Amino acid sequence: MKRTAMFGILFATALALAQPPSHPARGHAVPASAKAAAVPTMPRYHFVNYTTANGLPNSHVYSVLVDGDRIWAGTDDGLAEFENGHWKIYTVADGLAQQAVLSLALDKRTGAVWAGTMGGLSRISAGRIDTYTQLNSGLSNDVVYGVAVEGDYVWVATAAGACRLNTRTGQWSLWNERNTPMREIWVYGVSAAPDKVYFAVWGSGLLEYTQKTGAWDMYKDPDSETEIVLLRNQGLIHDITSAVSYVDGIVWVSTYFGDSRYDGRYWHNFLTKDSGLPSNFTNSVKAVDGNHAWFCTDKGLAYYDGTNWAVYRPALDTGKPEMIVRDAAGHVTNIPVTTAPAHNYMLGIDFQGRDIWVATAKGLSHGIYQPKESYR
Amino acid sequence: MKRRFIPAIACAALAGLAALWQPRVVSGTATPSLDNTELYASPLELLLSPDGSRLYALCEGTGDVRVLDARSGRTLQTIPAGHDPRGFAFSPDRRRLFVVNSWDDTLSVIDVRTSAVVATWRAGFEPSSVEEDRAGKTLFIADRVGNNITVLDAATGAVEDTLEAGRGASYMAITADGGRLYTTHIYPNPGPYRTPPRSEITVVDPTRVMVVQRIPLPSIAGAFHVAVSRDGRLGVVAELHPKNLVPLAHVEHGWAFVDTLTIFGADVGRPVEVPLDELDRYFARPFGVAIAPNKSRIYVSHGGSDCVTVIDAQRMLAYIRRNREPIAEDLSASARYVVARIPVGKNPRGVALSGDGNLLYVANRLDDTISVIDTRTLRVARTIRLAGPERVTALRRGEQTFYSAQYSFQGQFGCANCHIDSTFDDLQWDLEPDGFGRDIVDNRPIEDLRGTNPFKWNGKNPSLSMECGPRTEMYFWRSQNYDDLRLADLVLYVRSLPSRPRRWSTADGQLTAAQERGREIFYRTTDKLDRPIPQTNQCAYCHSGPKGTNQKSFDVGTGKTTDNSGLLDTPQLSNIALTGPYLHDGSAQTLEEIWTIYNPHDRHGRTNDLTKDELNDLIEYLRTR
């Protein structure tokens, strides 16, 4: 045991020595004017923020969902629907399972919205709310961290395992430590596609379900519980996973200790020291496609275009709007901006065309895409 | 002013005379028969060809579509369909006729020109009506057991989608421009215990294939046909408005059901519920609805009262506009807009109106006839008799009794009010005059009853003769008694009701892995700690035998202080998945709640040692029963 630890430390030291020098520390970025020619063009947004001051029932927004022109925000005090400039609030009195709405998913075929709450799962369909709890249905547990819809199935990540509802037959299937490789049962996130379904299991890494065969597979951090990354890009960055996004055959995983991308053969990991991530503590990830993804961290919102990074946030020290761009070579540039998301602590994101909607700990932010012609 | 009341009074008088006249032995045009094997056509729904020359009758009993010459009434062709067909519709180009077969879970596609069934496609659970979008690309099917709308590709029959509808989704209407599809449902949506029932009209955008609105139907449990005017601005739903939260003693003092319509659409603005009944005479179970092409009239068939109500639509709308207060319970209101009650055959159901609005066809399900009403004279111009047995068997008489409301006080309701289409109504009732809120009982299903006696939740009725006879007469009808022969026929009919197909069993009857694990839990004799489970606390002891009952009464700890008896009859498990809510008073909304909420001390079976997934397995098994 001791020998293993010793080998690990030696190996880590060797790896650390082999790493290229990290980019300039945050807060010491090169001014835009000095590197103007080299700054990659990253998307810019005008942020409009929504809080209790302008319609939200609570400014703590856990989740956001875009459904065409309609926006759904899962807050600490109910579900808010934004359409035509007006907010409509759904509460427990309306049939919502619980006031804290942690996760949202859209059934694109039917238009129904599924809301995972701290007290069960609710389906909102044309104003009607049907609620599933661990007492009145086959739902594993009332704390629903994640939800996804694929075909006839609703996939659910709960505090006591994963489960699936067949909306056609009403049958529930439950998965936990007894019938899958997961050792812990805190399932934080789920992403479903016709071929695979992925679960982010807090403490147990990434769980993969193959739809065709019903087989399970598990992806773990090869460094196990070691906080030092010994084997970079050799596997999942960490077992404390928080979310997963599976798009175009590529899996993106966020953890509290960095993020990962997996193409089925190779892993690529992202840490603050060698990427544009503003923090390794990542609450969620959502991919645009196989090469572009957004990361919601505790220190801002990060966008990765496959090469370059951009961070959007109120500055950590002054609170002033901030946009930081990092190119492939590690050059960091501050882009002057006039607006920023409502808060640094990012919890979720969804896309509305080229616009973005961001759930933060102190408000919902609408990032209105600014055409490139307006960039200076 | 006076003339307006004459038809209603005349109809009420006719109906009253009919109610007073009680033969000791059933008579009629046909001869009673002891042979109960006759197969009756039982026409349920009607359609007319665009030119009005052909009348299509969907016959539930014989499982076919009869094509009739609308003028002569002569049957031209009989097209076989599936088991218990319940709804049909033409494609927009009238080249295809779609029939949904409720027990087969299939859709028959008929080529109208050749009258041949050209395809049979899978539908959802108990498909009950069908409509096609105006582009001819998508089929929408209301599934009664599935509680949803199954969406099929109209070219291939492939299932494309499933839209959540109301519980017991059954009837549909699409607007002439194809912009909206309206769906109703016969059981109320789940709601908090002992609160008024809630239903909805599910509104679908057929182009987007999405539910875009749910029009609330407060206090409604049992919504049947929905019709929409040609301009799409006026919609009508035929429905039941039960009063199940107060003792049924109110039959004598008011009513247990109001038979109503909900009027919706741009012509009325906010949906309004209007009564069809009169102060001292009821018109039970409105079912079929038609709106005149010029929106001058609305026609409603009453399955329990053997008549058709004719409404002056404009007078009704004017009355609604003048009275914005709820009027559903004001039974004097109907006199303002009802212009006629036209007696027709037994158990009238589907209706079809000719293109010019001059003829209304009414399918009389339980005497195999079609009444043709001349809407200009408001009289039955002629009656078409469908080919079938001439004799009326005892079983058929029993069914006629079951569906008739003539035996209850003022013709308020019949067996089929609570046992909709011989099933249940998903309501909890305060039946006996023992005080407000005492002895609340959930309505139990009545399928497959042989070998499940005694009856009643307290097990006090040893036989169906007692259950359907003196008890019903005393507590329900409060009017008159059945004669012995009629009671015998009724019992014969109720005993004959088969169990519906079990949708959650696999096609080959083999249990899935989860169901098999659940079966082992159901039959276990020791708990997970290897401790013996007392015999009376084993699932399979009380719920034994093929029906899942040992026909004895127990105290399983679910009694309430408001119950009159501590012991409860062990209910059968047949098709238990369909019959929620559960427990004797309906307090458990789902099967899960029986054990997660109402079994804290393991008196209703040893279940508190089970994990959540094991409880799920047990429920998966129960759903196969």
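In terms of helices and strands, chain A carries one helix and 31 strands. The proportion of buried residues among the 376 residues of chain A is 56%. Within chain A, contacts between residues at least 6 apart in sequence are counted, and of these 47% link residues at least 24 apart. Only carbon and sulfur atoms are counted for the fraction: they give 52% of the accessible area of chain A, which is about 15,700 Å².

Tallied over the full model, the rule gives 56 salt bridges over all chains. Here Arg503(B) makes a salt bridge to Glu126(B), at a shortest N to O gap of 3.5 Å. Here Arg503(B) is found in the loop between helix H7 (484-496) and helix H8 (513-522), whereas its partner Glu126(B) is found in the loop between strand S9 (116-122) and strand S10 (127-132), with 377 residues between them in sequence. Asp421(B) is the salt-bridge partner of Arg144(B), the closest N and O atoms lying 2.8 Å from each other. In this pair, Arg144(B) sits in the loop between strand S11 (138-143) and strand S12 (148-153) while Asp421(B) sits in the loop between helix H5 (415-418) and strand S31 (428-430), placing the two residues 277 residues apart along the sequence. Note on Asp421(B): relative accessible area 22%, which makes it partly exposed. Because the salt bridges share partners, they merge into one network encompassing Arg123(A), Arg128(A), Asp130(A), Glu164(B), Glu200(B) and Arg214(B).

All names here are of chain B. Those residues of H8 lying buried are Ala514, Gln515, Gly518, Ile521 and Phe522. For H8, the angular spread of buried residues about the axis comes to 115°, placing them on one side. When the buried face of H8 is taken as reference, the exposed residues oriented beyond 90 degrees from it are Ala513 and Glu520. The elements touched by buried residues of H8 are helix H9 (539-542) and helix H11 (612-622).

Further remarks concern the packing of aromatic side chains. Under the defined criterion, the tally for this structure stands at 56 aromatic pairs over all chains. An angle of 35° between the planes, with centres 5.4 Å apart, marks the rings of Phe295(A) and Trp309(A) as tilted. Of the two residues, Phe295(A) is situated in strand S24 (residues 293-297) and Trp309(A) in strand S26 (residues 309-314); the sequence distance between them amounts to 14 residues. Exposure class is identical for Phe295(A) and Trp309(A). Each is buried. An aromatic cluster is defined as three or more aromatic residues linked by ring pairs; in this entry it consists of Tyr45(A), Phe47(A), Trp294(A), Tyr303(A), Tyr312(A) and Tyr369(A). When the ring centre of Tyr153(A) is taken as origin, the NZ or CZ atom of Arg164(A), which lies over that ring, is 4.1 Å away. Positioned above the aromatic ring of Trp457(B) is the side chain of Arg444(B), whose terminal nitrogen or guanidinium carbon lies 4.5 Å from the ring centre.

Time to look at the domain arrangement of chain B. Residue and element names in this part refer to chain B. Along its sequence, chain B is carved into domain 1 (397-496) and domain 2 (513-622). Taken together, the 24 residues of domain 1 in the interface contact 25 residues of domain 2. Counting each side, the surface lost to burial between domain 1 and domain 2 is near 2,000 Å², with a carbon and sulfur contribution of 42%. One can count two salt bridges joining domain 1 with domain 2.

Relative to the helices and strands, Leu163(B) resides in strand S13 (residues 159-164). Put simply, Leu163(B) and Gly355(B) are 192 residues apart on the chain and 32 Å apart in space, counted from C-alpha to C-alpha. If we ignore the near neighbours within four places in the chain, the residues touching Leu163(B) are Arg109(A), Thr110(A), Asn148(B), Ile149(B), Val151(B), Val204(B), Val209(B), Met210(B) and Val211(B).

What follows covers the nonpolar core. All names here are of chain B. Of all hydrophobic cores here, the largest spans 40 residues; its most connected members are Leu248, Phe402, Phe413 and Val494. Contributions of two or more residues to this core are made by H5, helix H6 (464-477) and H7. The biggest single contributor to this core is H7, with five residues. Discounting residues that sit within four places of it in the chain, Phe402 has contacts with Gly414, Cys415, Ala416, His419, Ser422, Ile446, Leu490, Tyr493 and Val494. Membership of the second largest hydrophobic core comes to 24 residues, among which are Val272, Val289, Ile311 and Tyr319.

Turning to the sheet that holds S10(B), a few remarks are in order. Residues and elements named next belong to chain B. If you walk across this open sheet you meet the four strands as S10-S11-S12-S13, and the pairing is antiparallel. The open sheet has two free edges, formed respectively by S10 and S13, since each of these has just one partner strand. Put simply, the sheet's adjacent strands are angled 25° from each other on average, direction ignored. In this structure, S11 lies alongside S12, joined through six bridges in antiparallel fashion. Bridged to Leu139 within S12 is Leu152.

Turning next to the environment of Thr393(B). All names here are of chain B. Take Thr393: it is sitting in strand S30 (residues 392-393). Look at Thr393 and you get buried, because its relative accessible area is 1%. Sequence separation of Thr393 and Pro498 is 105 residues, and the distance between their C-alpha atoms is 18 Å. A distance of 3.0 Å separates a polar atom in the side chain of Thr393 from the backbone nitrogen of Arg396.

Here we come to unusual backbone geometry. All names here are of chain B. Geometrically, the link from Asn453 to Pro454 is a cis peptide bond, its omega value of 5° lying close to zero. Tracing the chain through its elements places Pro454 in the loop between strand S32 (440-442) and H6. Here the amide bond leading from Gly580 into Pro581 is cis, since omega sits at 0°, within 30 degrees of zero. For Pro581, the location among the structural elements is in the loop between strand S34 (568-569) and helix H10 (591-596). Of note, Asn147 is a non-glycine position whose phi angle comes to about 60°, a positive value. With respect to the element layout, Asn147 can be found in the loop between S11 and S12. Judged by its relative accessible area of 22%, Asn147 is partly exposed.

Below, the discussion takes up the sheet that holds strand S14 (residues 172-175) of chain A. All names here are of chain A. Ordered by their spatial adjacency, four strands build an open sheet running S11-S12-S13-S14, and the pairing between neighbours is antiparallel. Of all strands in the sheet, those bounded by a partner on one side alone are strand S11 (144-150) and S14. In this sheet, adjacent strand axes meet at a mean angle of 15° when their direction is disregarded. Direction of pairing for S11 relative to strand S12 (residues 153-158): antiparallel, over a ladder of six bridges. Counted as the bridge partner of Ala148 is Trp155 from S12.

In this section: the pairing of strand S14 (residues 169-174) of chain B. Residue and element names in this part refer to chain B. Burial runs high along S14: six of the six residues are buried. In terms of strand pairing, S14 meets strand S15 (residues 181-185) through five bridges, oriented antiparallel. Within S15, the residue paired with Met172 across the bridge is Thr183. Once S14 ends, the chain turns through six residues before running back antiparallel as S15, passing Gly178 with a positive phi of about 75°.

Residues and elements named next belong to chain B. The element strand S26 (residues 348-353) is largely enclosed, with a buried count of six among its six residues. As defined by bridge partners, S26 adjoins strand S27 (residues 359-364) across four bridges and the pair is classed as antiparallel. Paired with Ala352 across the two strands is Tyr361, which belongs to S27. Here S26 folds back onto S27, and the loop between the two strands holds five residues, one of which, Gly357, carries a positive phi near 80°.

Right, let's talk about the interface of chain B and chain A for a bit. At the interface, 30 residues of chain B touch 25 residues of chain A. Buried area between chain B and chain A, summed over both chains or domains, comes out near 2,100 Å², and the portion from carbon and sulfur atoms is 44%. Sorting the residues of chain B by area buried against chain A places Arg214(B), Lys612(B) and Asp613(B) first, and these three jointly supply 23% of that buried surface. For the interface between chain B and chain A, the tally reads five salt bridges.

On to the packing of helix H4 (residues 394-402) of chain B against H7(B), then. Two measures define how a pair of helices packs: the angle their axes make with one another and the distance between the axes. All names here are of chain B. With their axes 7 Å apart at the nearest point, H4 and H7 run at an angle of 90° to one another. Judged by the inter-axis angle, H4 sits roughly perpendicular to H7. On H7, the residues that touch Ala394, Leu395, Arg397, Gly398, Glu399, Thr401 and Phe402 of H4 are Leu485, Arg486, Asp489, Leu490, Leu492, Tyr493, Val494 and Ser496. Its residues placed into classes, the contact of H4 with H7 shows eight nonpolar, three polar and four charged.

This part takes up the environment of Ser463(B). Residues and elements named next belong to chain B. Take Ser463: it is sitting in the loop between S32 and H6. Looking at Ser463, the relative accessible area reads 28%, which means it is partly exposed. Between the C-alpha atoms of Ser463 and Leu431, which are 32 residues apart in sequence, the distance is 19 Å.

Thresholds, definitions, all that
- Residues numbered from 1 in each chain as written.
- Chains lettered and ligands numbered in written order.
- Predicted model: local features only at pLDDT ≥ 70, side-chain atom pairs only at ≥ 80, totals over all residues.
- Heavy atoms only, no water.
- Helix = DSSP H or I, 4+ residues; strand = E, 2+ residues; numbered from the N terminus.
- Buried < 20%, exposed > 50% of the residue type's maximum accessible area, 1.4 Å probe, protein only.
- Contact = heavy atoms within 4.5 Å.
- Areas by Shrake-Rupley, 256 points an atom, 1.4 Å probe, with all protein chains shown as cover.
- Salt bridge = Lys/Arg side-chain N within 4 Å of Asp/Glu carboxyl O.
- Arc of directions from axis to C-beta.
- Phe/Tyr/Trp six-rings, centres within 6.5 Å; stacked < 30°, edge-to-face > 60°.
- Lys NZ or Arg CZ within 6 Å of the ring centre and 35° of its normal.
- Domains from an automatic or database assignment.
- Buried area = accessible area lost by both parts, 1.4 Å probe.
- Core = buried A, V, L, I, M, F, W, Y, C linked by side-chain atoms within 4.5 Å.
- Pairing = 2+ DSSP bridges.
- Axes fitted to C-alpha atoms, helices over the stretch in contact; angles between N-to-C directions.
- Polar contact = N/O pair within 3.5 Å; in protein donor to acceptor, adjacent residues only side chain to side chain.
- Parallel < 35°, antiparallel > 145°, perpendicular 65-115°, else oblique.
- Nonpolar A, V, L, I, M, F, W, Y, C, P; charged D, E, K, R; others polar.

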